[in-house]
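Fold and contact review
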Amino acid sequence: MHRVAITGVGIVTAIGVGVEEFSHALMACKCGAVELQEEFVKPLRSKTAYRIATPMEQLLPTQKAYIDRCSALTLASCWLALNDARLVVTDEVAPNLGICHGTAYGCQDSMLIFWERIMKRGFRYASSIMFTHAYMNTPISLAAIEFNLKGYHCCYSAGMVSGMQAVVGGTMALQRSLSKRLLAGGSEAFSALPFMANYDGGELSPRDEGIEQMRPFDNSRNGWVMGEGACMLLLETEEAALERDADVHAYISGVGIAMSRSVNVDDMADAIYESMAKSLSAAHIEPSEIGWICASANGSPVIDEAEALAILRLYEGRENVPVSSIKAAVGETIGASGPINICAAIASFKTKSIPPTLFSSEPCMDVRIVTGKPMSWDAAKPVLVNCVDKDGMAISVIIAPP
Amino acid sequence: MRKRVVVTGMGAITCLGYGVKALWEGLIEGRSGISRITRFDPTGLRNEQAGEVKEEVLLSAPLPDEDIDEATLFAYLACLEAVNDAGLLELSDEERLKVGLVFSTNFGGASRWEEFASQWLSGEQIDAVLFEQFEFDFPTRYVAHKFGFFGPSITLSNSCSSGTSAIGVAIDLIRSGISDVVIAEGHDMLSKFALGGLSILGTITPEMIRPFDKRRSGTIFGEGAGALVLESEEHARRRGAKIYAEAMGYALNSNAYHLTAPGKGGEGMIRVIMGALKDAQVAPQQVDYINAHGTGTQLHDPEETFAIKSVLGSRAYEIPVSSIKAAVGHVMAGAGSVEAIATIKAINEGIVPPTLNYEEPDPECDLDYVPNKAREHKVNIAISISAGIGGNNSALVLARYNGGEK
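What you see as residue numbers is a count from 1 along each chain, following the sequence as written. Chains and ligands are labelled sequentially in the order written, the chains with letters from A and the ligands with numbers from 1. Local features in this predicted model are restricted to residues whose pLDDT is 70 or higher, and side-chain atom pairs enter the listing and the counts only when it is 80 or higher, whereas totals over whole chains, interfaces and linings include all residues. Each side-chain value is derived from all of the structure's non-hydrogen atoms; neither hydrogens nor water enter the calculation.

1. Digging into the overall build of chain B
Regarding its fold elements, chain B presents 14 helices and 15 strands. Based on C-alpha atoms, the radius of gyration is set beside the globule rule, defined as 2.2 Å times the residue count to the power 0.38. Computed over C-alpha atoms, the radius of gyration of chain B comes to 20 Å, within 12% of the 22 Å expected from 2.2 N^0.38 for 406 residues, which places it in the range of a compact globule. If one aligns the C-alpha atoms of chain B with their principal axes, the spans along those axes are about 60 × 55 × 40 Å. When accessible area is computed with a 1.4 Å probe and restricted to protein chains, residues below 20% of their type maximum are described as buried, those above 50% as exposed, and intermediate ones as partly exposed. Every one of the 406 residues in chain B was classed for burial, and the buried ones make up 69%. By definition, residues are in contact when any of their heavy atoms lie within 4.5 Å. Contacts in chain B between residues at least 24 apart in sequence constitute 78% of all its contacts with a sequence separation of at least 6. Only the protein chains shown count as cover for residues, with accessible areas throughout obtained via the Shrake-Rupley method and a probe of 1.4 Å. Entry remark: accessible area of chain B is about 12500 Å², with carbon and sulfur atoms responsible for 49%. In this count, Lys and Arg are taken as positive residues and Asp and Glu as negative ones, while His and the chain termini are left out. Think of each charge as sitting on NZ of Lys, CZ of Arg, CG of Asp or CD of Glu. For chain B, the centre of its 36 positive side-chain charges and the centre of its 53 negative side-chain charges are spaced 6 Å apart. The numbering of helices and of strands both runs from the N terminus, where a helix is a DSSP run of H or I of at least 4 residues and a strand a run of E of at least 2.

2. Digging into the overall build of chain A
Secondary structure summary: chain A contains 13 helices and 15 strands in total. Over its C-alpha atoms chain A spans a radius of gyration of 20 Å, differing by no more than 12% from the 21 Å that the globule rule assigns to 402 residues. In chain A, which comprises 402 residues, the proportion classed as buried is 68%. Nonlocal contacts in chain A, meaning residues at least 24 apart in sequence, comprise 77% of its contacts between residues at least 6 apart.

3. Observations concerning the nonpolar core
Ranked by internal contacts, the top residues of the largest apolar core, which has 239 residues, are A:I6, A:Y152, A:I399, B:L88, B:W113, B:I183 and B:L230. Here this core gets 12 residues from one element, more than from any other, and that element is helix α3 (residues 70-86) of chain B. Source of the domain bounds: an automatic or database domain assignment. Among the domains, domain 1 (4-243) and domain 2 (252-400) of chain A are the pair contributing at least three residues each to this core. Each residue touching A:I6, except ones within four places of it in the same chain, is listed here: A:L233, A:L234, A:L235, A:D247, A:V248, A:H249, A:A250, A:I252, A:I342, A:I346 and A:I399. Nine residue types can take part in a nonpolar core, namely buried Ala, Val, Leu, Ile, Met, Phe, Trp, Tyr and Cys, and a core is a set of them joined through side-chain atoms within 4.5 Å. Listed in part, the 32 residues of the second largest apolar core include B:L277, B:I319, B:Y369 and B:I383.

4. Thoughts on the domain arrangement of chain A
Residues and elements named next belong to chain A. Assigned domains within chain A: domain 1 (4-243) and domain 2 (252-400). Look at where the C-alpha atoms of domain 1 and domain 2 centre, and you get two points 21 Å apart. With 57 residues of domain 1 at the contact, the number on the domain 2 side is 63 residues. When two parts are brought into contact, each loses some accessible area as probed by a 1.4 Å sphere; the total of that loss over both is the buried area. Interface area, domain 1 with domain 2, both sides summed: about 4700 Å², of which 73% is carbon and sulfur. The largest share of the area that domain 1 buries against domain 2 comes from M160, M164 and F217, three residues that together contribute 21% of it. Criterion for a salt bridge: a side-chain nitrogen of Lys or Arg within 4 Å of a carboxyl oxygen of Asp or Glu. At the boundary of domain 1 and domain 2, one finds 1 salt bridge. Put simply, the parts of the chain that give the side of domain 1 that touches domain 2 at least two residues each are β1 (4-13), α1 (19-27), α7 (162-175), β7 (181-188) and β8 (229-237). Within the side of domain 1 that touches domain 2, the residues separate by chemical class into 30 nonpolar, 19 polar and 8 charged. The residue classification treats Ala, Val, Leu, Ile, Met, Phe, Trp, Tyr, Cys and Pro as nonpolar and Asp, Glu, Lys and Arg as charged. All others, Gly included, are polar.

5. Focus on the interface of chain A and chain B
The partner chain B presents 71 residues to the 60 residues of chain A that form the contact. Buried surface at the junction of chain A and chain B, summed over both partners, amounts to about 5800 Å²; 69% is from carbon and sulfur atoms. The shortest N-O distance in the salt bridge between A:R176 and B:D279 comes to 3.2 Å. Think of a polar contact as two N or O atoms within 3.5 Å of one another; within protein, one of them needs to be a possible hydrogen donor and the other a possible acceptor, and neighboring residues in sequence only count if both atoms come from side chains. In this structure, the connection of chain A to chain B is made through 19 residue pairs in polar contact (both at pLDDT 80 or more). Among the elements of the structure, α4 (108-121), α5 (128-132), α6 (138-147), β6 (153-156), α7, α8 (192-200) and β9 (250-259) of chain A are those that each provide at least two residues to the side of chain A that touches chain B. Class assignment of the residues belonging to the side of chain A that touches chain B gives a composition of 36 nonpolar, 16 polar and 8 charged.

6. Points about the environment of A:A126
On the secondary structure map, A:A126 appears in the loop between α4 and α5. For the pair formed by A:A126 and A:W115, sequence separation is 11 residues and the distance between their alpha carbons is 8.0 Å. If near-sequence neighbours (up to four positions away) are discounted, A:A126 is found in contact with A:F114, A:R117, A:I118, B:G196 and B:I200.

7. Some remarks on the packing of α7(A) against helix α13 (residues 337-351) of chain A
When two helices pack together, their arrangement is given by the angle between their axes and by how far apart the axes lie. Residues and elements named next belong to chain A. The geometry of α7 relative to α13 is characterised by a closest axis approach of 5 Å and an angle of 70 degrees between their N-to-C directions. Between α7 and α13, the interaxial angle falls into the category roughly perpendicular. Counting all contacts with α7, which are made through G163, M164 and V167, the residues of α13 involved are G338, P339 and I342. The axes used here are C-alpha line fits, helices contributing only the stretch in contact, and every angle between their N-to-C directions lies in the interval 0 to 180 degrees. We call two directions roughly parallel when the angle between them is under 35 degrees, roughly antiparallel when it is over 145, roughly perpendicular when it lies between 65 and 115, and oblique otherwise.

8. A few points about helix α1 (residues 20-28) of chain B
Residue and element names in this part refer to chain B. Of all the residues in α1, the buried ones are V20, A22, L23, W24, G26 and L27. Looking at the buried side of α1, the elements it contacts are β1 (5-14), β2 (17-18), α3, α13 (325-328), α14 (335-349) and β12 (351-352). Of the residues flanking the end of α1, it is G30, one or two places downstream, whose phi is positive at about 75 degrees.

9. Notes on the packing of aromatic side chains
Two rings belonging to Phe, Tyr or Trp (six-membered ring only in the last case) form a pair when the distance between their centres is within 6.5 Å. Interplanar angles under 30 degrees mark stacking, angles over 60 mark edge-to-face geometry, and anything in between is tilted. The full count for this structure, using the stated rule, is 25 aromatic pairs over all chains. Within the aromatic cluster, the residues linked to one another by ring pairs are A:Y105, A:F114, A:F131, A:Y135, B:F107, B:W113, B:F116, B:F131, B:F134, B:F136 and B:F193. By definition here, charges over rings are those cases where NZ of Lys or CZ of Arg is within 6 Å of the ring centre and within 35 degrees of the ring normal. One residue, A:R313, lies across the ring of A:Y273, its end atom 4.4 Å from the ring centre.

10. A closer look at the pattern of salt bridges
Per the stated rule, a full pass over the model turns up 53 salt bridges over all chains. A salt bridge links B:E267 to A:K150; the nearest nitrogen and oxygen atoms lie 3.7 Å apart. One end of the pair, B:E267, is in helix α11 (residues 267-280); the other, A:K150, is in the loop between α6 and β6, on a second chain. Salt-bridge contacts for B:E267 lead to B:R271; the nearest nitrogen and oxygen are separated by 2.8 Å. With B:E267 and B:R271 both in helix α11 and 4 residues apart, this pair spans about one turn of that helix. Under the relative-accessibility criterion, B:R271 is labelled buried at 18%. One network of salt bridges, with partners in common, ties together A:K390, A:D391, B:E132, B:E135, B:D137 and B:R141.

11. Regarding the environment of A:E243
Within the secondary structure layout, A:E243 lies in helix α9 (residues 238-243). Leaving out residues up to four positions away in the same chain, A:E243 has contacts with A:K180 and A:R181.

12. A short note on the packing of α1(A) against α13(A)
All names here are of chain A. Interaxial distance between α1 and α13 falls to 10 Å at its minimum, and their mutual angle equals 80 degrees. When the interaxial angle is binned, α1 and α13 end up roughly perpendicular. Contact with α1, carried on its side by V19, F22, S23, L26 and M27, involves I340, C343, A344, A347, S348, K350 and T351 of α13 and no other residues of that element. Broken down by class, the residue content of the contact of α1 with α13 amounts to 8 nonpolar, 3 polar and 1 charged.

If you want it as structure tokens, here you go:
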């Protein structure tokens, strides 16, 4: 099987656009949370989210008559990744350049506009343009059209692990020679319906009378704060990367997937432990060979405790590894969260710093959380990146330095 | 040496009934399950008919106790049949925990989303459970918990090539050594959201669905699900499972051209068929049957015909090519799954299902489409083709299982 290299990164988050700006903001402890101005949040306890301030039209390679925000984020991150990789998509390259993309909620704004018209005026007055922009796979289709991505093509939708499933799917496709290169990652746009569903479902901070803030691993954590963002990675077989003399940011050296039997802490911890252990086994390395863990913790009472328990179990009898979650900086970006975590691992290689977990002053367990400021490291060891869904799916990926 | 992947269980629910038997009997008897939509008022759609799974079909099935929407119900019922067929419930507890799932859907729990969105738009109290049941991975989680299958679970949405894509990704999980047993599933339900859009796009015919016929004027959608148990050959043989067929290889790609128009000159579909044959290590001359996507739309059918001829050359004129969409409707994400099952049945039974409503040949569609009547035909190797909105294509190569000979 082929070794898979990451040769391009395209990232759009509330704290920065592009890998350089994102890395700098992450290490500068920037937080992208803003107070929402939308009318519908006024009666709610949750009033903040992590929003991208840059107008979408400034991030797109070409101007569009209409594009959903989720699709726009996808196009922007693909464009950044291709530029970062210095890959020119010629007719020769295109058939072997694919895309794997994940999103949990897709184009909710377009869906709602389309549905409102049907509700009010009936089937005959439905909008065909809105419908074609409302599919879950519209973002990936538009990206394929925009950038001439004719190769392997797959859209994933599985909650918070959507983008990470795309990375795993893309990695498998490259390892099996189904493509030479592909963009893999995820995107999620802020939208009223998912916000309200997660608020009503009791997921969002503040779940109690405490302050509204995402505090991963902290004893006072009280839910997560919704974010938006996108991250697409250009993955290539090592041979394809060498063929064009590409700069390698990192390698994907192992993946692990596990599903929890329930959403209670112990079962979730078992699943996270299993996914981490499988990823290490796939990479043929021991836990002690990991430099740090880029955690999925997002301030959720269950996920954070389960992840902490799983890490403690993995490192039982070993020196504790540094652990950090970047979610308080970028928000819970749902389908984009896994790939954004991978980008944080790459940022730690470039800056030789491990980003801190913001707003975590009293860690919930005896896990070695990096807090306060970035921690220096030699960037010589792989990073274990976790991505965990609130419903119990866990994916771990080992990101090795070039 | 790469792992061989075999199919050891199948399950289906379509407008022809619950179960693979009902599907296959309906197909070879030349019956169509298309009828007027009863679940909601279809007035205003280009066609008020569809391949709806009627209430009496559902009532004949072993329904679960939970209040779930049709999308999840179809996925569950197809999986239930496939799981029983493959004997997966007889696996040890430890092995059952490792069973993986690759599910796919175009519209998720669409009726639940419609209800949630309507609550929001009208200012009513919203119910978050409705949105949760809309989420595309809800059926995946539901089935995992119902059967205790907690291996890798993946949910795809590749529009109408989703079902075939799911089988492909399941092959990857097995060949990559991540799983030994994976259920690949595709499902979708008829909903106002989906049909409202597909109708205004003009994809739906106002008349009758006639794949490859000169008078074709569009497709008719359907609902349901198909589920296939895929397994490494080694695992299947070790546990003495019956083997229906071998999943030889697949390919996915994009036309990278237009959201709704077919690709230029069938180029994407040509590449996807070639890619699947390459992954399967099969030569075009070895192909005995093609289960076509054959939607009955003006533009798609000639494009698919051209692609088949381009890849298979003269062989394309020697083999049957049929579409089952006039019998079950276009089952959206379920299409590829249900069509893979029909293809495997053709391999096993030596009978190819017909293309219904085919009367007038089109010079642009000049292959043997098995008009209206099933036909005996020995099939060793077959291709199932799918394509979807957004311009994506998928193809799957299935073969008669040769008992482990290389």
